[in-house]
Amino acid sequence: VLQLHSNRLSEKIPDAVGRLPSLDVINLTNNSLTGTVPEGLCEVDLVNLPELHKYIGCDLFLCPPGTFHPEGAATEQSGCRVCPKHKDPTPEQRAESRTLGRVSCDTAKFVHGDVDGDGKLTEREILNLFFVDNHGTDWGAPYAPWTDIETEACDLYGVTCLGGSVAKLDLSDAAICAGIGHKTLSEDDCLGMPVEMGRLTNLEVLILKKRQFLRGSIPSEIGKLTKLKYFDA
């Protein structure tokens, strides 16, 4: 374990860090580190997220220069977002734009769930939030493709599209959070329905079939789904 976040570290990360044989957890965010993440760290799946690692890569360890994330690194829910440069940057702002693992940006707003860091939230990213927030890897074999963010929303099991937009979401046979109480799953691993579900503006049917282990409450943002005709929670 290497927990060195917020320690005012500067300069580059030594390549030797990527060669530590027993390293399971590393956090170097919110420092003044520059350069790049050593290849050894990028090649090791320290967080056991192979599909996400394939898509986001080294951002899982530290956001690259010119980007930011409230946690200083990409997560299952959100990637690092680009931080636009100032027109007339101060020396401090220039230095900050070159640092790894930034946690804030005064020229852009962070968007929770935005995996590709473009500042927008797609239907696929919203579905990914629901999946990740409720330990989707235990939902069952048909939902395995949900782990790959590059799989189109309309190609996901349980999703029906009309005109290229999500019109129906049927999770009636998903084992949502059914493993709570087991050693591998706690209540903290199941966060319930994300408020971002209210942005599926073309959703007409939402079926959960009283998933008894789904935590939390129905977010008020669901009321914004003006096309919703059938909702079985």
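A few points on the structure. Just so it is clear, the model here is predicted, and its values are computed rather than measured.

Calculation notes
Residues numbered from 1 in each chain as written. Predicted model: local features only at pLDDT ≥ 70, side-chain atom pairs only at ≥ 80, totals over all residues. Heavy atoms only, no water. Helix = DSSP H or I, 4+ residues; strand = E, 2+ residues; numbered from the N terminus. Buried < 20%, exposed > 50% of the residue type's maximum accessible area, 1.4 Å probe, protein only. Areas by Shrake-Rupley, 256 points an atom, 1.4 Å probe, with all protein chains shown as cover. Contact = heavy atoms within 4.5 Å. Pairing = 2+ DSSP bridges. Disulfide = S-S within 2.5 Å. Core = buried A, V, L, I, M, F, W, Y, C linked by side-chain atoms within 4.5 Å.

**Considerations on the overall build of the protein chain**
Move 1: Summing up its helical and strand segments, the protein chain has 4 helices and 10 strands in all.
Move 2: Of all 233 residues assigned to the protein chain, the portion counted as buried reaches 43%.
Move 3: Of the roughly 12600 Å² that the protein chain leaves accessible, carbon and sulfur atoms contribute 50%.

**Observations concerning the environment of T160**
Move 1: You can see T160 is positioned in strand β7 (residues 159–162).
Move 2: Accessibility expressed as a relative area gives 39% for T160, which makes it partly exposed.
Move 3: C-alpha separation for the pair T160 and L203, spaced 43 residues apart in sequence, amounts to 9.5 Å.
Move 4: Contact partners of T160, with chain neighbours within four places excluded, come to S165, V166, A167 and K168.

**Observations concerning the pairing of strand β8 (residues 165–170)**
Move 1: In the sheet, β7 pairs with β8 via 4 bridges, with the strands oriented antiparallel. By the bridge assignment for β8, T160 is matched with K168.
Move 2: In this structure, β8 lies alongside strand β9 (residues 205–207), joined through 3 bridges in parallel fashion. The partner of L169 across the bridge, within β9, is L206.

**Description of the state of the cysteines**
Move 1: Under the counting rule described, the total for this entry stands at 4 disulfides.
Move 2: Disulfide pairing is shown between C63 and C80; the S-S distance is 2.1 Å. When the S-S torsion is -85°, as for the bridge of C63 with C80, the disulfide is left-handed. Of this pair, C63 sits in the loop between α2 (50–56) and β5 (67–68) while C80 sits in the loop between β5 and β6 (81–82), and the two are 17 residues apart along the sequence. Each member of the pair, C63 as well as C80, carries the same accessibility label: buried.

**Things to note about the side chain of D114**
Move 1: Topologically, D114 is positioned in the loop between α3 (91–97) and α4 (123–133).
Move 2: Excluding anything up to four places from it in sequence, D114 contacts Q77, S78, G79, G119, K120, L121 and E125.

**Some points on the nonpolar core**
Move 1: Among the nonpolar cores identified, the biggest contains 28 residues, and L127, F130, W139, W146, L169, L171 and M197 are the most heavily contacted of them.
Move 2: Considering each element in turn, this core owes the most residues, 5 residues, to α4.
Move 3: Here L169 is in contact with L127, W146, G158, V159, M197, L203, V205, L206 and I207, once residues within four sequence places are set aside.
Move 4: Core analysis: the next-biggest nonpolar cluster, separate from the first, contains 12 residues, L28, F61, L62 and L100 among them.

None of this, on its own, says anything about what the molecule does.
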